[in-house]
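Close look at the chain arrangement
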Amino acid sequence: MDFKFSADDEAFRQEFRSWLKDNLPPDWREEGEERDAGSRGEFERRRAWHRKLYDGGWMCIHWPKEYGGRGATLLQQVIYNQELERAKAPPTVNFQGIARVGPTLMQWGTPEQKMRYIPKIPPAEEIWCQGLSEPNHGSDLAAVETKAVDEGDHFLVNGSKIWTSNAHVADFSTLLCRTDPDAPKHRGLSYLLVDLKTPGITIRPLVQITGEKGFNQVFFEDVRVPKTNLVGQKNQGWLVAMTNMMFERTIHGGRTDMMIEIEQLRDLARMVQRNGRPAWEDSYVRQSIANFACEAQALKYTSYRQLTRQLKGLQPGPEGSVMKLGTSDLNLRIQKFAMELLGPYSQYEYMSAGAIDHGKWTYRMLAARRGTIAAGTNEIQHNIIGERVLGLPKG
Ligand SMILES: Cc1cc2nc3c(=O)[nH]c(=O)nc-3n(C[C@H](O)[C@H](O)[C@H](O)COP(=O)(O)OP(=O)(O)OC[C@H]3O[C@@H](n4cnc5c(N)ncnc54)[C@H](O)[C@@H]3O)c2cc1C
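Read on for a plain summary of the structure. (Residues numbered from 1 in each chain as written. Predicted model: local features only at pLDDT ≥ 70, side-chain atom pairs only at ≥ 80, totals over all residues. Heavy atoms only, no water.)

Quick word on the layout of surface pockets
Estimated volume of the second largest pocket: approximately 150 Å³. If you go around the second largest pocket, the residues you meet are R35, I209, T210, E349, Y350, T362, Y363 and L366. Split by residue class, the lining of the second largest pocket holds four nonpolar, two polar and two charged. (1 Å grid on protein atoms, 1.4 Å probe; cavity = no way out; pocket = protein on both sides within 12 Å on 5 of 7 lines; lining within 4 Å. Points joined across faces, edges and corners; volume = space filled by probe spheres on them. Nonpolar A, V, L, I, M, F, W, Y, C, P; charged D, E, K, R; others polar.)

Some thoughts on the site of the ligand
Close to the ligand lie 17 residues, the nearest being S133, S139, W163, T377 and E379. Taking Q96, its side chain carries an N or O atom lying 3.4 Å from an oxygen atom of the ligand. In this structure, an oxygen atom belonging to the ligand sits 2.6 Å away from a side-chain N or O atom of T377. Here the ligand has 970 Å² of accessible area as a free molecule, and 65% of this is covered by the chains. When residues of the shell around the ligand are traced back to their parent elements, those giving at least two are β3 (154-165) and α11 (378-389). (Near = heavy atom within 4 Å. Polar contact = N/O pair within 3.5 Å; in protein donor to acceptor, adjacent residues only side chain to side chain. Areas by Shrake-Rupley, 256 points an atom, 1.4 Å probe, with all protein chains shown as cover. Helix = DSSP H or I, 4+ residues; strand = E, 2+ residues; numbered from the N terminus.)

Here's the deal with helix α7 (residues 259-271)
The end-to-end C-alpha distance of α7, which contains 13 residues, comes to 18 Å, matching closely the 18 Å that a straight helix rising 1.5 Å per residue would cover. Check the buried side of α7 and you find it contacts β10 (277-278), α8 (283-311), α9 (319-342) and α10 (360-371). (Expected span 1.5 Å × (residues − 1). Contact = heavy atoms within 4.5 Å.)

Things to note about the environment of L206
Mapping L206 onto the fold places it in strand β6 (residues 201-206). In this structure, the C-alpha to C-alpha distance between L206 and I385, residues 179 residues apart in sequence, is 32 Å. The residues touching L206, leaving out its near neighbours within four places in the chain, are I162, W163, E212, K213, G214, F215, N216 and Q217.

Brief notes about the packing of α9 against α10
Direction vectors running N to C along α9 and α10 enclose 155 degrees, while the axes themselves pass 9 Å from each other. Viewed along their axes, α9 and α10 adopt a mutual orientation that is roughly antiparallel. In this structure, the crossing between α9 and α10 has a hand that is left-handed. Taking contact as the criterion, the partners of K324, S328, N331, L332, Q335, K336, A338, M339 and L342 in α9 are, on α10, W361, T362, R364, M365, A368, R369 and G371. Split by residue class, the contact of α9 with α10 holds seven nonpolar, five polar and four charged. (Axes fitted to C-alpha atoms, helices over the stretch in contact; angles between N-to-C directions. Parallel < 35°, antiparallel > 145°, perpendicular 65-115°, else oblique. Left-handed = near helix turned anticlockwise from the far one by under 90°.)

Section: the packing of aromatic side chains
Applying the stated criterion across every chain, the model contains 15 aromatic pairs. An angle of 65 degrees between the planes, with centres 5.6 Å apart, marks the rings of F12 and W58 as edge-to-face. Of this pair, F12 sits in helix α1 (residues 7-23) while W58 sits in the loop between α2 (40-55) and α3 (74-86), and the two are 46 residues apart along the sequence. Measuring from centroid to centroid gives 5.3 Å for W163 and F215, while their planes differ by 55 degrees, and the two rings are tilted. In this pair, W163 sits in strand β3 while F215 sits in strand β7 (residues 215-226), placing the two residues 52 residues apart along the sequence. Assessed through its relative accessible area of 48%, W163 is described here as partly exposed. Each member of the aromatic cluster is reached from another via a ring pair, and the members are F12, F16, W19, W28, W49, W58 and Y80. (Phe/Tyr/Trp six-rings, centres within 6.5 Å; stacked < 30°, edge-to-face > 60°. Buried < 20%, exposed > 50% of the residue type's maximum accessible area, 1.4 Å probe, protein only.)

Quick look at α3
Counted at 1.5 Å a residue, the expected span for α3 with its 13 residues is 18 Å, and the 18 Å between its end C-alpha atoms agrees. For α3, the set of buried residues is L75, Q76, I79, Y80, E83 and L84. On its buried face, α3 sits against α1, α2 and α8. In the stretch just after α3, K88 is the one whose phi turns positive, near 55 degrees.

So, the nonpolar core
Formed by 41 residues in total, the largest nonpolar core has its most connected members in F16, W49, L53, W58, W63, Y80 and L176. Breaking this core down by element, the ones donating at least two residues are α1, α2, α3, α4 (95-108), β4 (172-178), β5 (189-195) and α6 (237-251). Apart from residues no more than four positions distant in its own chain, L176 is found in contact with G131, L132, E134, L141, V144, K161, L189, S190, Y191, G237, W238 and A241. Counting 24 residues, the second-largest nonpolar core is a separate cluster that includes V272, A296, A338 and W361. (Core = buried A, V, L, I, M, F, W, Y, C linked by side-chain atoms within 4.5 Å.)

Description of the packing of α1 against α3
Where α1 contacts α3, the two axes come as close as 10 Å, and the packing angle between them is 30 degrees. As summarised for this structure, α1 and α3 are arranged roughly parallel, according to the angle between their axes. Helix-helix and strand crossings are classified by hand; for α1 and α3 the assignment is right-handed. Taking contact as the criterion, the partners of D9, F12, R13, F16, R17 and L20 in α1 are, on α3, L75, Q76, I79, Y80, Q82, E83, L84 and R86. Within the contact of α1 with α3, the residues separate by chemical class into seven nonpolar, two polar and five charged.

Here we look at the side chain of Q96
Residue position: Q96 is located in helix α4. Looking at Q96, the relative accessible area reads 6%, which means it is buried. A polar contact of 2.5 Å, which involves the side chain of Q96, links it to the side chain of R100. Look past the residues within four positions of Q96 in its chain and what remains in contact with it is V101, W128, C129, Q130, S165 and N166.

As for a negative patch on the surface
Where like charges cluster on the molecular surface, the negative patch consists of E34, E85, D257 and E263. Mapped onto the fold, D257 is located in the loop between α6 and α7. Judged by relative accessible area, D257 falls into the partly exposed class, the value being 34%. (Patch = residues over 30% accessible without salt bridge, like charges linked within 9 Å, V, L, I, M, F, W, Y side chains within 5 Å. Salt bridge = Lys/Arg side-chain N within 4 Å of Asp/Glu carboxyl O. Lys, Arg positive; Asp, Glu negative; His and termini not counted. Charge placed at Lys NZ, Arg CZ, Asp CG, Glu CD.)

Right, here's the structure in full:
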């Protein structure tokens with residue numbers, strides 16, 4: 001494992017850093033918690049920043065050049081993300097389109113689909129969401145029930161998708177649906193592209209425990225989807241969905257460096273009192289924070305091992321599942337410990353008057369649950385590690 005960046009990589013870092021310095025207005029910096037865009041206005045503000053990055057040639061840098069990317073290397077992507085974080089850049093939009101839909105279409109789309117849909121993804125001219133989970137089927141994705149009946153030149157879709165992030169601001173959705181109810185469950189599925197303005201679609205926002213409205217339930221009633229929007233072969237949608245999931249898991253590998261958070265926890269422990277003295281003077285508090293720091297370092301080096309494997313062109317190892325499980329679980333425990341430190345102050349909501357640290361710990365504690373569920377729950381990650389890594393028998 002080589003911890004140093006090459007001269008070329010450092011030059012890339014300087015180029016992007018100075019572009020950010022010249023182009024990110026100081027009042028656009030994201031000083032608070034990174035929350036879901038709460039209003040159309042906030043969404044459009046983020047789209048304006050997204051557009052600025054795109055116009056400067058700094059959007060979709062990992063995409064191949066033929067699709068408008070820079071063909072950036074893995075290390076350049078790491079540097080790119082580090083610099084965005086360092087500059088406190090606001091979030092961009094169209095995450096699902098860029099990270100999942102675009103790359104899936106590059107692999108599976110027809111020439112017409114590639115030409116029609118891919119160019120509008122990087123500039124966020126068309127926003128995408130993904131319709132996989134259903135009210136009765138999340139972890140067991142292959143059991144989806146939303147039906148698409150072949151009616152010649154179109155499919156007639158009926159059913160419902162849930163937890164669909166960004167559907168309320170999206171123009172299009174991918175849709176995993178059942179086209180052969182009699183086939184074994186993995187072989188009767190198809191993968192469609194759906195225009196969300198099609199008659200028969202209703203989108204209802206779902207309010208999360210944090211109060212944010214980032215995801216939705218989407219209802220389909222006799223929705224006509226043209227056959228030209230079928231990706232891959234009819235009844236072979238599971239293969240397309242697996243490509244989609246592969247991109248999803250790579251991205252949800254989790255945060256690689258949690259030390260900033262732990263340093264903030266240390267500062268909190270110095271600020272609040274426990275038994276009439278700063279909490280930091282209590283050895284239980286210091287030892288707990290030291291344990292978090294040790295775990296965070298172990299996870300950081302695990303993520304470096306994952307990166308090294310990828311750079312050497314080796315097959316992904318178990319680190320992806322370990323990182324997803326480890327980082328989301330550690331994050332949750334850090335936030336719960338912050339609640340313990342805050343005592344009654346933990347009940348103040350984010351940004352409410354009188355809250356310590358603007359109530360950010362309470363927000364983070366509530367938000368931490370997402371990480372343990374999205375992109376394959378932690379119980380499912382335990383199963384994967386147990387069965388595929390440790391070779392334990394199936395439960
Ligand atoms: C922030 C967020 C954003 C999301 N965005 C999207 C999106 O854009 N599009 C989309 O399609 N979905 C999205 N999801 C949904 C997500 O993929 C599902 O919530 C997840 O796959 C779990 O499915 P479920 O909620 O149906 O839970 P279930 O599958 O019903 O699981 C319920 C519980 O049972 C446990 N469980 C289930 N099966 C097993 C098993 N075999 N062994 C042990 N335990 C098991 C689970 O771990 C969980 O604790 C999002 C979720 C979150 C939290």
